[in-house]
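What follows is each chain in one-letter form.
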Amino acid sequence: MHMNMRVFDARIDCITRGISMADMDRRPIAVRSSGWAQRFASVLARSAITPNQLSCLSIVFALGGATALVAMPTAVGLLLCALCILLRLLCNMFDGMVAVEGSKGTATGALFNEIPDRIADSLFLIALGYAIAWPWLGWLCALMAALTAYIRALGGSLGQAQNFRGPMAKPHRMWLLGIALVGAAVALPWRHGILLATAAVIAFGSALTCATRTAAIAAQLRDPARP
C-alpha cells in the first residue's frame, strides 16, 4: 500500500509539473533532437514500420555483430561488429522516437523497449568474452549490464524517475565497445589486449553503475524531496 501511494504521488507530481511518466522513463539522448534524427524518425513514422519491429531489429543486428566478432577474428569481423553496434543503437533511439513523436506507441511497447535491449546487450558482451577466450568475463559483463537495467527499473517501480546515470550505462558500454573494436581492427596485433581491457572496464564500470544507481534510489527514498 505504501509503495502504491508513493507511485501515485510521483504521478501527481509529474502532472503538476507538466511532465509525463513516459518522459520520466525515457533515456536522455542529445542526438534525438538533431535535424537528421527528427527527419528520419518522421519518415519511419509515416511508413508501415512499427516501434516494436525496430526494437526487435536491434536483436538481429546484435546477433550479426556477435557472430562476426566470434567467427571472424579479423579486422573485417571487428569492423562489422562495430557497425552492428551502431545500427543497434540507432534502432534503440528510433523505436522510441517513432512511438512517442510519431504517436505509434502500443500497449506492449514497454516490453519491446526493454526485453530486446537485454538480449542485444547479452549477445554483444558474451561474444566479447568468447572472442578473447575469457568466456566467464563476457558472461560477467552481461550479468552486470542486466543488473544495471534491473536497478533502474526498480527505481521506476518505486515511483521515481528511472535513473540512467553511468558511468557505464548502455550507451557508454556500447560506444566503448564500438570504439575498442575499431581500435583493435586498426592495431590488429594488439587485438586481444585491447578487447580484454575493454571487457574488464565494462564489467567494473557496470558494477560501479549498479552502486551509484542504488545509492541514488536509496537517497531519494529517504528524502523524497531530493531532486
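No experiment lies behind these values; they were computed from the predicted model shown. (Residues numbered from 1 in each chain as written. Predicted model: local features only at pLDDT ≥ 70, side-chain atom pairs only at ≥ 80, totals over all residues. Heavy atoms only, no water.)

**Observations concerning the packing of helix H8 (residues 170-186) against helix H9 (residues 191-222)**
Our working rule: Only C-alpha atoms enter the line fits that serve as axes; for helices the fit covers just the stretch in contact. Angles between N-to-C directions range over 0 to 180 degrees. The helix and strand labels rest on DSSP assignments: H or I over at least four residues marks a helix, E over at least two residues marks a strand, and numbering proceeds from the N terminus. In what follows, roughly perpendicular refers to angles from 65 to 115 degrees, roughly parallel to angles under 35, roughly antiparallel to angles over 145, and oblique to any angle outside these ranges. Contacts are assigned to residue pairs that have any heavy atoms within 4.5 Å of one another. Ten residues, namely Ala, Val, Leu, Ile, Met, Phe, Trp, Tyr, Cys and Pro, are considered nonpolar, four, namely Asp, Glu, Lys and Arg, are considered charged, and the remaining ones, Gly among them, are considered polar.
Direction vectors running N to C along H8 and H9 enclose 170°, while the axes themselves pass 9 Å from each other. One finds that H8 runs roughly antiparallel with respect to H9. Facing Arg173, Leu176, Leu177, Ala180, Leu181, Gly183 and Ala184 of H8, the residues of H9 in contact are Arg191, Ile194, Leu195, Thr198, Val201, Ile202 and Ser206. Here the residues of the contact of H8 with H9 sort into 9 nonpolar, 3 polar and 2 charged.

**Describing a nonpolar patch on the surface**
We count it as follows: The patches reported here contain residues having more than 30% relative accessible area and no salt bridge. Joining distances are 9 Å for like charges and 5 Å for nonpolar side chains (Val, Leu, Ile, Met, Phe, Trp, Tyr). All accessible areas in this document rest on Shrake-Rupley with a 1.4 Å probe, and a residue is counted as covered only by the protein chains that are shown. We define a salt bridge as a side-chain nitrogen of Lys or Arg found within 4 Å of a carboxyl oxygen belonging to Asp or Glu.
Together, Met72, Val76, Leu80, Leu83, Leu86, Trp175 and Ile179 line one region of the surface with nonpolar side chains, adding up to about 640 Å² of accessible area. At the level of secondary structure, the elements contributing two or more residues to the nonpolar patch comprise helix H5 (75-100) and H8. Structurally, Met72 can be placed in the loop between helix H4 (51-71) and H5.

**Here's the deal with unusual backbone geometry**
The condition that has to hold: Accessible area is worked out with a 1.4 Å probe on protein chains only. A residue is then buried under 20% of its type maximum, exposed over 50%, and partly exposed in between.
Residue Pro167 is reached from Gly166 by a cis peptide bond, and omega for that bond is 20°. Within the fold, Pro167 resides in the loop between helix H7 (135-157) and H8. Located in the positive-phi region is Ala133, a residue other than glycine, with phi close to 65°. Residue position: Ala133 is located in the loop between helix H6 (109-131) and H7. Relative accessible area serves as the criterion here: at 62%, Ala133 is assigned to the exposed category.

**Side note on the confidence of the model for the protein**
Our working definition: The pLDDT value tells you how sure the predictor is about a given residue, anywhere from 0 up to 100.
When pLDDT is averaged along the protein, the result is 87; 88% of the residues meet or exceed 70. When the elements of the protein are averaged for pLDDT, helix H1 (residues 2-16) gives the smallest value, 42, and H8 the largest, 97. Ignoring residues within four places in sequence, the model shows residues 1-22, a span with pLDDT below 50, making 15 contacts including any to other chains.

**Re helix H3 (residues 35-46)**
Definition in use: A helix is expected to reach a length of 1.5 Å times the quantity of its residues less one. By construction, the arc corresponds to the directions joining the helix axis to the C-beta atoms.
The end-to-end C-alpha separation of H3 is 17 Å, in line with the 16 Å expected for 12 residues at 1.5 Å each. Residues Ala37, Ala41 and Leu44 constitute the buried set of H3. The buried residues of H3 occupy an angular sector of 60° when projected down its axis, which confines them to one face. Residues of H3 that are exposed and angled more than 90 degrees away from the buried face: Arg39 and Arg46.

**A closer look at the pattern of salt bridges**
This model, assessed by the stated rule, comprises 7 salt bridges. We note a salt bridge from Arg88 to Asp117, for which the minimum N-O separation is 3.2 Å. Taken together, the residues Arg88 in helix H5 and Asp117 in helix H6 connect sequence positions 29 residues apart. For Arg88, a relative accessible area of 0% puts it in the buried group. Linking Arg173 and Asp121 is a salt bridge whose minimum nitrogen-to-oxygen distance equals 2.8 Å.

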